[in-house]
Amino acid sequence: VQLQASGGGLVQVGGSLRLSCAASGRTFSNYAVGWFRQAPGKEREFVAGISRGAGITRYADSVKGRFTISRDGTRTTVYLQMISLKPEDTAVYYCAAKSTTLVEVITIPARYNYWGQGTLVTVSS
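The present account deals with the structure reproduced in this document. Everything quoted here is computed from the prediction, not taken from an experiment.

## Structural notes on the overall build of the protein chain
So, step 1. When you go through the protein chain residue by residue, the secondary structure sums to zero helices and 11 strands.
So, step 2. In the protein chain, the order of α-helices and β-strands from amino to carboxyl end is β-β-β-β-β-β-β-β-β-β-β.
So, step 3. For the protein chain, the C-alpha radius of gyration of 13 Å lies close to 14 Å, the compact-globule estimate for 125 residues.
So, step 4. Principal-axis analysis of the C-alpha atoms places the extent of the protein chain at approximately 40 × 25 × 25 Å.
So, step 5. Taken across its 125 residues, the protein chain has 46% of its residues classed as buried.

What follows is the structure, given as structure tokens:
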């Protein structure tokens, strides 16, 4: 599956953005999907994930209550709604997908098979 991430941009502190991860060629029905981010000089870190099937979600502690991961009814797009953005949220955001038979949220980058190209989010103070 090919992934296309979009929706990044420049936003002020406290603002909102919605990132999209679109699948081409197939749906996310049999995939776990995750959002990760990487700030300059830092390792890529887990932000949010959603399982196949029931759509179980999980978030990094740093974004709980501010970010929401969801998918559309056709299961071709996964969203990351971000509110109350902070300067420390500035990073390149990546979506990733893994074909799996398990209903699980995957938080480890190395377990994902497919990655989007990344979209830059800059939060200015």
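## Observations concerning the state of the cysteines
By definition, a disulfide is the covalent link that joins the sulfur atoms of two cysteine residues.
So, step 1. Summed over all chains, the structure comprises one disulfide.
So, step 2. A disulfide bridge connects Cys-21 with Cys-95, and the sulfur atoms are separated by 2.2 Å. One quick way to see it: the torsion about the S-S bond of Cys-21 and Cys-95 is about 70°, and its sign makes the bridge right-handed. With Cys-21 in strand S3 (residues 17-24) and Cys-95 in strand S9 (residues 91-99), this pair connects stretches of sequence that are 74 residues apart.
So, step 3. The class of Cys-21 is buried, set by a relative accessible area of 0%.
So, step 4. Note on Cys-95: relative accessible area 0%, which makes it buried.

## Some words on the packing of aromatic side chains
Any aromatic ring pair is given by two values, namely how distant the centres are and how the planes are angled relative to each other.
So, step 1. For the structure on display, the rule yields six aromatic pairs.
So, step 2. Judged by centre distance (6.5 Å) and plane angle (80°), the ring pair of Tyr-94 and Trp-115 falls under edge-to-face. With Tyr-94 in strand S9 and Trp-115 in strand S10 (residues 114-115), this pair connects stretches of sequence that are 21 residues apart.
So, step 3. Judged by relative accessible area, Tyr-94 falls into the buried class, the value being 15%.
So, step 4. Plain terms: the ring middles of Tyr-112 and Trp-115 are 6.0 Å apart, the flat faces sit at 65° to each other, and that makes the pair edge-to-face.
So, step 5. Taken together, the ring pairs connect Phe-36, Phe-46, Tyr-94, Tyr-112 and Trp-115 into an aromatic cluster.
So, step 6. The side chain of Arg-18 reaches across the aromatic face of Tyr-79, ending 4.1 Å from its centre.

## Notes on the side chain of Asp-89
So, step 1. For Asp-89, the position within the fold is in the loop between strand S8 (77-82) and S9.
So, step 2. According to the relative accessible area criterion, Asp-89 is buried, its value standing at 0%.
So, step 3. Excluding residues that lie within four positions of it along the chain, Asp-89 makes contacts with Arg-37, Arg-66, Phe-67, Ser-84, Val-121 and Val-123.

## Description of the pattern of salt bridges
So, step 1. As enumerated under the stated definition, the model contains five salt bridges in all.
So, step 2. Two residues, Asp-61 and Lys-64, come together in a salt bridge whose shortest N-O distance is 3.1 Å.
So, step 3. We classify Asp-61 as exposed; its relative accessible area is 67%.
So, step 4. Its salt-bridge partner being Asp-89, residue Arg-66 comes within 2.7 Å of it at the nearest N-O pair. Of this pair, Arg-66 sits in the loop between strand S6 (57-59) and strand S7 (67-71) while Asp-89 sits in the loop between S8 and S9, placing them 23 residues apart in sequence.
So, step 5. Where salt bridges share partners, they join Arg-37, Glu-45, Arg-66 and Asp-89 into one cluster.

Rules of the game
Residues numbered from 1 in each chain as written. Predicted model: local features only at pLDDT ≥ 70, side-chain atom pairs only at ≥ 80, totals over all residues. Heavy atoms only, no water. Helix = DSSP H or I, 4+ residues; strand = E, 2+ residues; numbered from the N terminus. Rg over C-alpha atoms; globule rule 2.2 N^0.38 Å. Buried < 20%, exposed > 50% of the residue type's maximum accessible area, 1.4 Å probe, protein only. Disulfide = S-S within 2.5 Å. Phe/Tyr/Trp six-rings, centres within 6.5 Å; stacked < 30°, edge-to-face > 60°. Lys NZ or Arg CZ within 6 Å of the ring centre and 35° of its normal. Contact = heavy atoms within 4.5 Å. Salt bridge = Lys/Arg side-chain N within 4 Å of Asp/Glu carboxyl O.

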